[in-house]
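A closer look at the structure
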Amino acid sequence: MSVDPRAPVIVGVGQISQHTDNLDEALDPSLLMCSAIGDATVDAGLRSIPNPQSIRVVNLLTWRYGDPGFLIAQQLGLSPDETAYTTMGGQSPQALVNATADEILAGQLDLAILAGGEARRTRVRARKSEHELHWPSAPDGQVPRTIGDDLVLNHPAELERGLMMPVQIYPMFETAIRARAGRSPEQHLERISELWSRFSTVAAGNPAAWLQTSRTAEEIRTPSPSNRMVGLPYTKYMNSNNDVDMAAAVIMCSAEKAAALGVPRDRWVFIHAGTDCHEHPFISNRWSFAETPAIQAGGQRALALAECGIDDIAVVDLYSCFPSAVELGAQSLGLDLDRQLTRTGGLSFAGGPWNNYVMHAIATMVDDLRGKQGERGLVWANGGYVTKHSFGIYSTEPPAHGFRSAHPQEEIDSLPRRELATQVEAAGEAIIEAYTVMHTREGEPETAIAACLLSDGRRAWGTSSDAGLAAAMCDGEWVGTRIVLTDAGDLLSG
């Protein structure tokens, strides 16, 4: 098949993990990204790093550089026309690939380096030992171009109740999924721990994974001193592992540029289609905690643009911060939970470097597809609380009708949403639709959190710090239970 000179192609990928305990030797995220870029250059079969028109960095949390792309350019001796920085969210790496592909296809860009990295493990250890880190920052006034749109994720009422952490929200999705499926808590816990055990086995065989230990389902679901309960039903092993020092990089260019650089054809991986969209931004307004219509819309559109169906996809990596994310993604994409759904091992085991996990997924996908000539791969990236979604479909073969992208947001915005009742309006009886119990670091039930439905269909939030109620809600199924909400939003047993 002839190749469009403007076809966007990935030619090199690199991944770095830093496990040193010596704080003076530990590299900061910008240097970790430089190392990943160096590895991507070698991966592309190039002798030196090609000078890009743009260095594009995924928003990071470990350190405030101002403009990390500027520092990377300085450290590597590059002179890009611009540096860019994404907005927040775990969907950012795939969204960045999609945006870069659009610009390459349009002739606005020939070559870009995409990178992301974190060193939270080193930063946390330095803070605990009161060790000062002398990491760099870009000069004042050096401002990168912003790629992506910010999305407000928290309703004021959610913030007022202290509902803002993923470790609180994703377990609630899990209980809603469980109840809809009609499984007992014990049956469902066994199912998701088996899923996570399979993910750990993938990580054990992934040389780029942070943790390379295969764990049994029983190990994963059973609380222990090293695996405390965090938010029911999730133990620590079921939570994303952000305590990592990791970086990844991707070199993207036009097919014409790849040929001019002399990149061997067997290193090329084309992106066929990319889509970006989001659910109703506030979880308070979601119609159900057991379904994700934006994943369905975005995934179907990506497949249609790539002129294939889900059964034509040979390699899959679903965003996997918590089991509920994988379940919702698989359900919405029409994938069986028993099939291969990760190529890295997921954020619990391969590592969850904040917004940049998917850069590692893409790098792994590229390497996989090079060994599966002509097969297609799908990456789903997620940000927020299964809120923001980006999809990419890849292959070593060029797309028959060129790269295509879409943002199917209008149809998603028109879908039903629930109104949120105020605490005073919600006072009285309600039905629990989703819940979790947050535990202390010692593993004791501490705070119960419940999303509730009122008789008129509106949603309301209830929380309780009563240790007795929190402990009671750890036993049996509470979805569907009739409870009482006070006019202060306190949760009482019905």
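Refer to the structure above for everything that follows.
Below or above, wherever it landed, is the structure these notes cover. (Residues numbered from 1 in each chain as written. Predicted model: local features only at pLDDT ≥ 70, side-chain atom pairs only at ≥ 80, totals over all residues. Heavy atoms only, no water.)

This part covers the overall build of the protein. When its secondary structure is counted, the protein shows 15 helices and 18 strands. Against the compact-globule benchmark of 23 Å for 494 residues, the protein has a radius of gyration of 23 Å, which places it among compact chains. Principal-axis analysis of the C-alpha atoms places the extent of the protein at approximately 70 × 55 × 45 Å. Sequence separation of 24 or more characterises 79% of the internal contacts of the protein that already satisfy a separation of 6 or more. (Helix = DSSP H or I, 4+ residues; strand = E, 2+ residues; numbered from the N terminus. Rg over C-alpha atoms; globule rule 2.2 N^0.38 Å. Contact = heavy atoms within 4.5 Å.)

Looking now at the packing of aromatic side chains. In the structure shown here, the tally under the stated rule is 9 aromatic pairs. Look at Trp196 and Phe199: their rings are 5.0 Å apart centre to centre, the planes differ by 15°, and that puts the pair in the stacked class. One end of the pair, Trp196, and the other, Phe199, are both in helix H7 (residues 185-204), 3 residues apart, so they sit about a helical turn from each other. With relative accessibility at 0%, the residue Trp196 sits in the buried group. Ring pairs connect the aromatic residues Tyr170, Phe173, Tyr234, Phe289, Phe322 and Trp461, which therefore count as one cluster. (Phe/Tyr/Trp six-rings, centres within 6.5 Å; stacked < 30°, edge-to-face > 60°. Buried < 20%, exposed > 50% of the residue type's maximum accessible area, 1.4 Å probe, protein only.)

Let us now look at the pairing of strand S10 (residues 313-318). Summarising burial for S10: 5 of the 6 residues are buried, a large majority. Of the strand pairs in this sheet, S10 and strand S11 (residues 376-383) are connected by 5 bridges, and their pairing is parallel. Bridging from a neighbouring strand, Val315 pairs with Gly377 of S11. (Pairing = 2+ DSSP bridges.)

Of all 11 residues in helix H11 (residues 323-333), 10 are buried; the element is thus mostly enclosed. Those residues of H11 that fall on the buried side of the exposure criterion are Pro323, Ser324, Ala325, Val326, Glu327, Leu328, Gly329, Ala330, Ser332 and Leu333. Where H11 terminates, the next one or two residues include Gly334, which has phi positive at roughly 80°.

We now examine the pairing of strand S1 (residues 8-17). With respect to burial, S1 is a largely interior element, 8 of its 10 residues being buried. Judged from the 9 bridges that link them, S1 and strand S8 (residues 245-254) form a sheet pairing that is antiparallel. Across the sheet, the residue bridging to Val13 is Val250, located in S8. Judged from the 2 bridges that link them, S1 and strand S9 (residues 269-278) form a sheet pairing that is antiparallel. Within S9, the position partnered with Ile10 by the bridge is Val269.

Further remarks concern the side chain of His188. Tracing the chain through its elements places His188 in helix H7. Those residues in contact with His188 that sit more than four places away from it in its chain are Glu174, Ile177, Arg178, Arg183 and Glu327.

Before going further, it helps to examine a nonpolar patch on the surface. Side chains of Leu159, Met164 and Met165 sit close together on the surface and give an oily, nonpolar patch of about 260 Å² of accessible area. We classify Met165 as partly exposed; its relative accessible area is 44%. (Patch = residues over 30% accessible without salt bridge, like charges linked within 9 Å, V, L, I, M, F, W, Y side chains within 5 Å. Areas by Shrake-Rupley, 256 points an atom, 1.4 Å probe, with all protein chains shown as cover. Salt bridge = Lys/Arg side-chain N within 4 Å of Asp/Glu carboxyl O.)

Once that is clear, we can look at the packing of H7 against H11. Viewed as axis vectors pointing N to C, H7 and H11 meet at an angle of 90°, and their least axial separation amounts to 10 Å. Relative to H11, the element H7 lies roughly perpendicular. Residue-level contacts link His188, Ile192, Leu195, Trp196 and Phe199 of H7 to Pro323, Val326 and Glu327 of H11. Considering only residue class, the contact of H7 with H11 consists of 6 nonpolar, 1 polar and 1 charged. (Axes fitted to C-alpha atoms, helices over the stretch in contact; angles between N-to-C directions. Parallel < 35°, antiparallel > 145°, perpendicular 65-115°, else oblique. Nonpolar A, V, L, I, M, F, W, Y, C, P; charged D, E, K, R; others polar.)

Next up on the list: the pattern of salt bridges. One pass over the structure, following the stated rule, counts 21 salt bridges. Note that Arg370 and Asp43 form a salt bridge whose closest N and O atoms lie 2.8 Å from each other. Placement of the pair is Arg370 in helix H12 (residues 357-370) and Asp43 in helix H1 (residues 29-43), with a sequence separation of 327 residues. The exposure class assigned to Arg370 is buried, which follows from its relative accessible area of 9%. Residues Arg178 and Glu477 are paired through a salt bridge, measuring 2.8 Å at the closest nitrogen-oxygen approach. Pair noted here: Arg178 is in helix H6 (residues 166-181) and Glu477 is in the loop between helix H15 (467-472) and strand S17 (482-485), with a separation of 299 residues, a long-range link. A single salt-bridge network, built from bridges that share partners, covers Arg56, Glu82, Glu103 and Arg145.

Now for unusual backbone geometry. Cis peptide bonds are those with omega within 30 degrees of zero, and the linkage from Leu232 to Pro233 qualifies with 5°. Inspection of the secondary structure assignment puts Pro233 in the loop between strand S6 (229-231) and strand S7 (234-235). Although it is not a glycine, Glu130 sits at a positive phi angle of roughly 55°. Following the sequence through the fold, Glu130 ends up in the loop between helix H4 (120-128) and strand S5 (145-147). At Val386, a residue that is not glycine, the phi angle is positive and equals roughly 50°. With respect to the element layout, Val386 can be found in the loop between S11 and strand S12 (388-395). A relative accessible area of 0% places Val386 in the buried class.

Once that is clear, we can look at H4. Every buried residue of H4 is listed here: Arg121, Thr122, Val124 and Ala126. For H4, the secondary structure elements touched by its buried residues are strand S4 (111-119) and S8. At the exit of H4 stands Glu130, carrying a positive phi of roughly 55°.

This part covers the packing of helix H3 (residues 92-105) against H12. Packing of H3 against H12 brings their axes to within 6 Å, and their N-to-C directions diverge by 60°. Viewed along their axes, H3 and H12 adopt a mutual orientation that is oblique. The residues of H12 that touch H3, namely those facing Pro93, Gln94 and Val97, are Val358, Met359 and Ile362. Partitioned by chemical class, the residues of the contact of H3 with H12 number 5 nonpolar, 1 polar and no charged.

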